[in-house]
Amino acid sequence: MDPRYTGEILKHLEKQNELLSESHSSMTHELHKLQVEEEMLMRKFYELMKAQDLNKKNENNDDIADDKEIDHSNALVRRIGNGVDETGNSTALVCTKSKGQ
């Protein structure tokens, strides 16, 4: 390396360092914005899936209520518990024979 060009090389490297630092800062800022956007979208997606799951459970409960009303059925359907346990899962339905059978 020629000592005559040391000053120019130093200037060039300082300029490159400055440009790289600006690029790093810009990319870090963009990454942060994308991470915030991802988190927001994931929360909305979770809310949507939760609402859809509740709608499906309500539809299933309506279907079960419709099944109870069939006249030609010889079985009685009883729900054990309140229909949904503390983890959000449906509880069991038990079929029993009526007293007339």
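The structure we're discussing is the one just above.
Quick notes on the rules
Each chain carries its own residue numbering, running from 1 in the written order of its sequence. Totals for whole chains, interfaces and linings use every residue, but because this is a predicted model, local features are given only for residues with pLDDT of at least 70 and side-chain atom pairs only at 80 or more, for both listing and counting. As a convention, hydrogens and water are excluded, and side-chain values are obtained from all of the structure's heavy atoms. Patch membership is restricted to residues that have no salt bridge and whose relative accessible area is over 30%. Joining uses 9 Å for like charges and 5 Å for the nonpolar side chains Val, Leu, Ile, Met, Phe, Trp and Tyr. Using a 1.4 Å probe, the Shrake-Rupley method yields the accessible areas, and only the shown protein chains count as cover for residues. By convention in these notes, a salt bridge is any Lys or Arg side-chain nitrogen within 4 Å of a carboxyl oxygen on Asp or Glu. Here a helix means four or more residues in a row that DSSP labels H or I, a strand means two or more in a row labelled E, and each is numbered from the N terminus. Categorising residues by exposure relies on relative accessible area from a 1.4 Å probe, with only protein chains included: less than 20% of the type maximum marks a residue as buried, more than 50% marks it as exposed, and the intermediate range marks it as partly exposed.

This brings us to a nonpolar patch on the surface. A contiguous nonpolar surface patch, about 410 Å² in accessible area, is contributed by Met42, Phe45, Leu48 and Met49. If you trace the backbone, Met49 turns up in helix H1 (residues 6-68). Judged by relative accessible area, Met49 falls into the partly exposed class, the value being 38%.

What follows concerns the pattern of salt bridges. One pass over the full model with this rule turns up three salt bridges. The salt bridge involving Glu30 is made with Lys33; its shortest N-O contact spans 3.7 Å. Residue Glu30 and its partner Lys33 are both found in helix H1; the two are separated by three residues, about one turn of the helix. Of the charged contacts, one joins Arg43 and Glu39 as a salt bridge, the two residues approaching to 2.8 Å between their closest N and O atoms. Note that Arg43 and Glu39 are positioned in helix H1 at a spacing of four residues, about one turn of the helix. When its relative accessible area of 44% is taken as the criterion, Glu39 is described as partly exposed.

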